[in-house]
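The residues making up each chain are set out below.
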Amino acid sequence: KQLLLNWEETKTDIKKDIYIAYRDMLYKMKSLELAELELESAAEQYRQMEVNHSLGFITDDTLDAAGMGLIQAENAVVEARRDYYDVIDKIEQAAGVGPGYTNGGFGL
């Protein structure tokens, strides 16, 4: 009877871990989408700055600042993507599926 109780408790803990990881995944997915939109905006701003620079309307320093903004936006996408993949890995680990697992999970 204790073994059955422990099994039910384990299943509940696993389900909770999966739920929390899924909620986190949705948040990370939205963060990634936002980072990608910010990257598109930074890239467009940099293109506009390049045109203005070629016409002599802005200085090298201003163009460099826009370039740094673009690099920061690219880094933000990389970090957001890493966070998103990390949380997917947590879901797979909690469910017992994915790379490194040969079974179909815990039958939840």
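Residues numbered from 1 in each chain as written. Predicted model: local features only at pLDDT ≥ 70, side-chain atom pairs only at ≥ 80, totals over all residues. Heavy atoms only, no water.

### Overview of the nonpolar core
Next up, step 1: Listed in full, the nine residues of the largest apolar core are Ala21, Met25, Leu32, Ala35, Val77, Ala80, Tyr84, Val87 and Ile91.
Next up, step 2: Every element with two or more residues in this core is listed here: helix 1 (2-54) and helix 2 (60-95).
Next up, step 3: For this core, the element with the most residues is helix 2, which contributes five residues.
Next up, step 4: Filtering out sequence-adjacent residues up to four positions away, Val77 remains in contact with Leu32, Ala35, Glu36 and Leu39. (Core = buried A, V, L, I, M, F, W, Y, C linked by side-chain atoms within 4.5 Å. Buried < 20%, exposed > 50% of the residue type's maximum accessible area, 1.4 Å probe, protein only. Helix = DSSP H or I, 4+ residues; strand = E, 2+ residues; numbered from the N terminus. Contact = heavy atoms within 4.5 Å.)

### Details of the packing of helix 1 against helix 2
Next up, step 1: Remark: helix 1 packs on helix 2, axes separated minimally by 8 Å, with the N-to-C direction vectors making an angle of 165°. As judged from the angle between their axes, helix 1 and helix 2 are roughly antiparallel. The element helix 1 and its partner helix 2 pack so that their crossing is left-handed.
Next up, step 2: When the residues that make up the contact of helix 1 with helix 2 are grouped by side-chain class, the tally is 26 nonpolar, five polar and 11 charged. (Axes fitted to C-alpha atoms, helices over the stretch in contact; angles between N-to-C directions. Parallel < 35°, antiparallel > 145°, perpendicular 65-115°, else oblique. Left-handed = near helix turned anticlockwise from the far one by under 90°. Nonpolar A, V, L, I, M, F, W, Y, C, P; charged D, E, K, R; others polar.)

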